[in-house]
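# Understanding the architecture of this molecule
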Amino acid sequence: MNKSNSRSDQNLLGAQPDVVRQTVDDSLLGRPHVAEKAFSTEATKVMPKGEKTPDERFADLQDMTRGYLTDEEEAKLEKAFRFAASAHEGACRKSGEPFIAHPVEVAIILADLRMDVETLCAALLHDTVEDTDVTSQLVEQEFGPHVAQLVDGVTKITRIEVETLTDEQAATIRKMFVAMSKDIRVIVIKLADRLHNMRTLAALKEDRRIFKSRETLEIYAPIAHRLGINSIKWELEDLSFYYLEPNKFKQVSRMVTESRFEREEYLDQVISVLRGEMDKVSIQAQIMGRPKHLYSIYQKMAKKGKGFSEIYDLIAVR
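Residues numbered from 1 in each chain as written. Predicted model: local features only at pLDDT ≥ 70, side-chain atom pairs only at ≥ 80, totals over all residues. Heavy atoms only, no water.

### Quick word on the overall build of the protein
In terms of regular secondary structure, the protein is built from 16 helices and four strands. Within the protein, the fraction of its 318 residues that count as buried is 45%. Counting only contacts in the protein whose residues sit at least 6 apart along the sequence, the fraction spanning at least 24 positions is 73%. (Helix = DSSP H or I, 4+ residues; strand = E, 2+ residues; numbered from the N terminus. Buried < 20%, exposed > 50% of the residue type's maximum accessible area, 1.4 Å probe, protein only. Contact = heavy atoms within 4.5 Å.)

Here it is as structure tokens:
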């Protein structure tokens, strides 16, 4: 290992690289708090420059679902969007964008997982009962009992107040989430909801960003892992890492970027060799490669006390 890499790794991990230091003060994590609404009716409705409108994003959602939903299901999806847009009319997120943008983005995350039309409709409607005058009875009347039950399940989970984030309570809350959900799709919707909230976390004050990130790391990412939804797990962890340890995030990101060309070249070679071997024995297979996400690299460095140059499994092949 050269001296520059060694010094950079030591700065990244601190004096005791085998110990993961507490990121957030205990008094901050342990304070009671009341669940706050993620929108403000007083905010000015502003779409960030270059961003698509909710209607344009819903059109993107339709493009994603057109390949696997029926025409009848597509009509139901559009009805849910129009219903939710009307219910949230005038409300804006703290970022200033129309509130309806959030449920549309949640539905897009779920469409990427090819979730069914009931799940997508529930995603579009998931904040209506909590934040508007819409009732569960009206949702059931318009969209059927299954969608209403999904919306009700997400609403109940949202109302769980996290007061502290000890390991014991985090485990208890994870169990509560699962126990309260008669339909596992409720959990998947809630994971997508948290993912989009984490993508737009910059709109909150710093103490809330820190708390939400720690909550995500301790509660939501492990649930995504248990359900095998790795794409959501990885992004939740990296976003949490970004807000909890911004300097370390930047350092790991820089190290990964600097070695990207070599890793991509090596990955191409591995895939080529594997494809050749598969062809020799007439096995039809899809071979995929991906870089390890930043938080997993940081964890390895911190837990094993290793420098970046000592971490060899920076790519995964499947």
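### Regarding the packing of helix H4 (residues 71–87) against helix H8 (residues 136–143)
With their axes 11 Å apart at the nearest point, H4 and H8 run at an angle of 150 degrees to one another. The angle between H4 and H8 places the two elements in the roughly antiparallel class. Of the two elements, H4 crosses H8, and the hand of that crossing is right-handed. For the pair H4 and H8, contact is made by Lys76, Lys79, Ala80 and Phe83 and by Leu138, Glu142 and Phe143, respectively. Split into classes, the residues belonging to the contact of H4 with H8 amount to four nonpolar, no polar and three charged. (Axes fitted to C-alpha atoms, helices over the stretch in contact; angles between N-to-C directions. Parallel < 35°, antiparallel > 145°, perpendicular 65-115°, else oblique. Left-handed = near helix turned anticlockwise from the far one by under 90°. Nonpolar A, V, L, I, M, F, W, Y, C, P; charged D, E, K, R; others polar.)

### Comments concerning a negative patch on the surface
Negative charge collects at one region of the surface, where Glu262, Glu264, Glu265 and Asp268 lie side by side. Inspection of the secondary structure puts Glu262 in helix H15 (residues 260–280). We classify Glu262 as partly exposed; its relative accessible area is 47%. (Patch = residues over 30% accessible without salt bridge, like charges linked within 9 Å, V, L, I, M, F, W, Y side chains within 5 Å. Areas by Shrake-Rupley, 256 points an atom, 1.4 Å probe, with all protein chains shown as cover. Salt bridge = Lys/Arg side-chain N within 4 Å of Asp/Glu carboxyl O. Lys, Arg positive; Asp, Glu negative; His and termini not counted. Charge placed at Lys NZ, Arg CZ, Asp CG, Glu CD.)

### Let's talk about the packing of aromatic side chains
On inspection of all chains with the given rule, the structure shows six aromatic pairs. When the ring of Tyr242 is compared with that of Tyr243, the centres are 5.0 Å apart and the planes differ by 85 degrees; the resulting orientation is edge-to-face. Judged by its relative accessible area of 18%, Tyr243 falls in the buried class. Relative to Phe249, the ring of Tyr242 has its centre 5.1 Å away and its plane inclined at 85 degrees; by these criteria the two rings are edge-to-face. Owing to a relative accessible area of 39%, Tyr242 belongs among the partly exposed residues under this scheme. One aromatic cluster is present, formed by Phe241, Tyr242, Tyr243, Phe249 and Tyr295 through successive ring pairs. (Phe/Tyr/Trp six-rings, centres within 6.5 Å; stacked < 30°, edge-to-face > 60°.)

Take it as geometry only, folks, not as evidence of what the structure does.
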